[in-house]
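A closer look at the structure
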There are 2 protein chains.
Amino acid sequence: MSENKYTGLNCPIPITEYPRILLAHGGGGRLMHQLIDKIFATAFANPHLETAHDGAVFDTESKKTAFTTDSYVVDPLFFPGGDIGKLAVDGTVNDLAMCGARPLYLSAGFIIEEGFAMDDLWKIALSMRDAADEAEVSIVTGDTKVVDKGRGHGVFINTAGVGVINHDRNISPSSVQPGDIIIVNGDIGRHGMAIMAKRENLSFETTIESDCAPLAATVKNMLDANIEIHCLRDLTRGGLAASLVEIASTSGFKIEIEEKNIPACDEVRGACEILGFDPIYVANEGRMVIFVPEKEADRTMSILRESSSWPDATVIGRVIDNRTGIVTMKSLIGAERIIDMLSGEQLPRIC
Amino acid sequence: MSENKYTGLNCPIPITEYPRILLAHGGGGRLMHQLIDKIFATAFANPHLETAHDGAVFDTESKKTAFTTDSYVVDPLFFPGGDIGKLAVDGTVNDLAMCGARPLYLSAGFIIEEGFAMDDLWKIALSMRDAADEAEVSIVTGDTKVVDKGRGHGVFINTAGVGVINHDRNISPSSVQPGDIIIVNGDIGRHGMAIMAKRENLSFETTIESDCAPLAATVKNMLDANIEIHCLRDLTRGGLAASLVEIASTSGFKIEIEEKNIPACDEVRGACEILGFDPIYVANEGRMVIFVPEKEADRTMSILRESSSWPDATVIGRVIDNRTGIVTMKSLIGAERIIDMLSGEQLPRIC
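The present account deals with the structure reproduced in this document. (Residues numbered from 1 in each chain as written. Chains lettered and ligands numbered in written order. Predicted model: local features only at pLDDT ≥ 70, side-chain atom pairs only at ≥ 80, totals over all residues. Heavy atoms only, no water.)

1. Observations regarding the relation of the copies chain B and chain A
Superposition of the two copies of the chain requires a rotation about an axis and a shift along the axis. What counts, and what does not: Copy-to-copy superposition: least squares on the C-alpha atoms, limited to residues that have pLDDT of at least 70 in both copies. A contact between two residues is defined here by any heavy atoms of the two lying within 4.5 Å.
Once chain B is rotated about the relating axis by 180° and shifted along it by 0.0 Å, it coincides with chain A to within an RMSD of 0.0 Å. Given the turn and translation reported, the copies of this chain are related as if by a two-fold rotation axis. The C-alpha atom lying nearest the rotation axis in chain B is that of G152 of chain B; the distance is 2.1 Å. Counting the interface residues of chain B, we find that 100% of their copies in chain A are interface residues as well, pointing to one common contact surface.

2. Details of the environment of A101 of chain B
All names here are of chain B. Rule in force here: Note on conventions: DSSP H or I runs of at least 4 residues are helices, E runs of at least 2 residues are strands, and numbering of each starts at the N terminus.
Residue placement: A101 occurs in the loop between α2 (84-98) and β5 (102-113). Between the C-alpha atom of A101 and that of K64, which follows or precedes it by 37 residues, the distance is 8.9 Å. Apart from residues no more than four positions distant in its own chain, A101 is found in contact with A66, L96, G163, V164 and I165.

3. A closer look at the interface of chain B and chain A
Put simply, the rule reads: Here's the idea: put two parts together, see how much 1.4 Å probe accessible area each one loses, and the total over both is what we call buried area. The term salt bridge refers to a side-chain nitrogen of Lys or Arg lying within 4 Å of a carboxyl oxygen of Asp or Glu. In protein, a polar contact requires one atom able to donate a hydrogen and another able to accept it; more generally it is a pair of N or O atoms within 3.5 Å, and residues adjacent in sequence count only if both atoms are side-chain atoms. At least two DSSP bridges between two strands are needed for those strands to be called paired.
Contacts between the two partners involve 79 residues from chain B, matched on the other side by 79 residues from chain A. At the boundary of chain B with chain A, total buried surface from both sides reaches about 6,100 Å², with 55% on carbon and sulfur atoms. Across the salt bridge formed by R151 of chain B and D75 of chain A, the nearest N and O atoms sit 3.6 Å from each other. Put simply, chain B and chain A have 29 residue pairs in polar contact (both at pLDDT 80 or more) between them. With 4 bridges joining them, strand β1 (residues 56-59) of chain A and strand β2 (residues 64-72) of chain B adopt antiparallel strand pairing.

4. Structural notes on the side chain of K145 of chain A
Here K145 of chain A shows up in strand β6 (residues 138-147). One polar contact links K145 of chain A to D143 of chain A, side chain to side chain, over a distance of 3.0 Å. From its side chain, K145 of chain A meets the backbone oxygen of S71 of chain B in a polar contact 2.8 Å long. Beyond its immediate sequence surroundings of up to four residues, K145 of chain A is in contact with F110, I111 and I112 of chain A together with D70, S71, V73, R237 and C351 of chain B.

5. Topic: the sheet that holds strand β9 (residues 231-234) of chain B
All names here are of chain B. For clarity, the threshold we go by: Under this scheme, a helix contributes an axis fitted over its contacting stretch, all axes are lines through C-alpha atoms, and angles between N-to-C directions fall in the 0 to 180 degree range.
Strands sit in the order β9-β11-β8-β12-β10-β13-β14 across an open sheet of 7 strands; the sheet is mixed. Each edge of the open sheet carries a strand with a single partner, namely β9 and β14 (336-339). Adjacent strand axes in the sheet meet at a mean angle of 25°, parallel and antiparallel pairs treated alike. Pairing of strand β8 (residues 181-184) with strand β11 (residues 288-292), which is carried by 4 bridges, proceeds in the antiparallel orientation. Each residue of the ladder has a partner; that of I182, found in β11, is F291. Of the strands in this sheet, β8, β11 and β12 (314-320) are in contact with helix α8 (residues 297-307), which crosses β8 at around 5°.

6. Digging into the pattern of salt bridges
Here the idea is simple: oppositely charged side chains can pair when their charged atoms come close. Basically, it comes down to this: Partly exposed residues are those whose accessible area sits between 20% and 50% of the maximum for their type, while under 20% is buried and over 50% is exposed, using a 1.4 Å probe and protein chains only.
Applying the stated criterion across every chain yields a total of 40 salt bridges over all chains. With its nearest N and O atoms 2.6 Å apart, the salt bridge here joins E246 of chain A to R233 of chain A. With E246 of chain A in helix α6 (residues 239-251) and R233 of chain A in strand β9 (residues 231-234), this pair connects stretches of sequence that are 13 residues apart. A residue is classified by how much of its surface remains accessible, and E246 of chain A, at 16% relative accessible area, is buried. Overall, the relative accessible area of 3% leaves R233 of chain A in the buried class. One continuous salt-bridge network, built from bridges that share partners, spans D70 and R237 of chain A together with D143 and K145 of chain B.

7. Focus: the sheet that holds β5 of chain B
With mixed pairing, the 5 strands of this open sheet are ordered in space as β1(A)-β2(B)-β7(B)-β5(B)-β6(B). Because the sheet does not close on itself, it has two edges, and the strands there are β1 of chain A together with β6 (138-147) of chain B. Strand-to-strand twist in this sheet, taken as the mean axis angle between neighbours without regard to direction, amounts to 15°. For β5 of chain B and β6 of chain B, the ladder comprises 9 bridges, and the chain directions are parallel. Residue pairing for β6 of chain B: I112 of chain B is matched across the bridge by V146 of chain B. This element, helix α1 (residues 30-44) of chain B, spans β5 and β6 of chain B of the sheet and lies at about 145° to β6 of chain B. Packing of helix α3 (residues 118-135) of chain B onto the sheet brings it into contact with β5, β6 and β7 (155-164) of chain B, and relative to β7 of chain B it is tilted by some 15°.

What follows is the structure in structure tokens.
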């Protein structure tokens, strides 16, 4: 369990001297330079990281580039299975992977509330370093701002990512075709319920851990095997339901899924039942749907289950030759209902 | 004066229906999609903007890529001469330009406080559009988060930028050489004092307007004329002083400037005197220092003053063959003093 993994590690800025972030740490003067050098440059050290200049410069081997961004405002900052730092790296890595890109470089922008504990910032920086190492990306440029106490909330992190696309597939909702099958790489609902349980101090028999994980290696395995991927989408805010509704609406085709095939662990199902949530709307941070032609189903499943360590990967539905652009789900008792997006979300600030 | 330029323009989301941002506008459901479509996609419309996918994909014509990020937390959001939207575009465009890159694509991540006025968000989006048009960049990907009331402050914006480098110059502090002259492109201190005056409700005879401006076209003019640029640096947080101290320290050479040559308008000098600030530490958002060999001085000055509309461009100092890595300033009465960074900054949240 990675929660509080780094408690006790020595913070490079002595917390006896600066136990908490001051407004001056964002002011462009000596304290800000010390913060960047000791915390961020120490944790993220890599050949492209340029802390004394305005940006990073690198060579790209490919003409086709993918570019994405996400801000992370999750509350609480540390939760079972991860923390805001791991989330900020994995989330942006996954957005690049969903474009079929190989993630290479990340930026990191921190908006820190005055008074934030220095050693928590260090823990988050170390967690980002580990996540970047695992996903084989480098954090190459960054920015630090400090806002007055009560005008932020702990720390918000923005990461933007640059990746390269070394193939000619157009992986996007517009490539979805009737007959495509839809695979999910693992059980759903863990991240949202882990946040909820931690936030509300709920305890279940087993702690629900976030599924927060990088997906780029799995996508690479599929591309290397020349799988004809039509579309990929990670299941973050709005969960499985919102992702499928977006894809159905953009592609124009109907999507049918079967409730009995949707994997979710007992703890998540139990917590959802108690709290009145539906797992298909709950956020995930290491789960995606994969759209491939039926003929690729077996090969894709074997890559997911064997070489990519997703033993719970499951076919959950298919794309129908029907231009309604809606999503329907066949329930356990056989009834079919239309799945729509929620107006808002069941839980705010889950990512 | 661009303050409140857009007051009265019709917001695409009827403010009778949604006068303010709700938590649900960040929840991944229907309201978030409406917000993104009606506000951001409408304002930023361009061929690369992909709101229904996880990232933008584009071809780059060059192998060498520059990548940078900045978060903007300025308070107040609207000020004489600009607003947070213009700042968020110009600031990141300028960071790319300082690497010698041609800025091409920006991302935009919004962290909005629950209750923020919908039409202020629209004004900011329009301002970003205008700034992007002026700087000839496209906003191609984005993200929207909403945080609870009292846990943010209006809106924070992160922009990351990607640019291409089509030349072989290494424009960075490590290229600085003894004998280089140092040019500033205009009068200093406007941005910080404009923010201060607005925040503290100070009025002077003339309103001080921020100098917020894109610098990429000016850098392009110098590169096109094949000026041997050694280093560029925009004078944001920490002002002229912090930029020069960083460059001197990284290059290892001493920098000497002359107080009498530093351009600042009477209003800025007056405001600084009243408030006890030194203009060389005050933030700017459209000013840079340019390091070139002395033989390039005349050509550089003529490009700045004539083709790039910087009539107040001035030579303010030079790099000395002395490996102390310090900055000194000769005062109006001829005394020489060492310039150091401040510990924090005179003003927080100026960018």
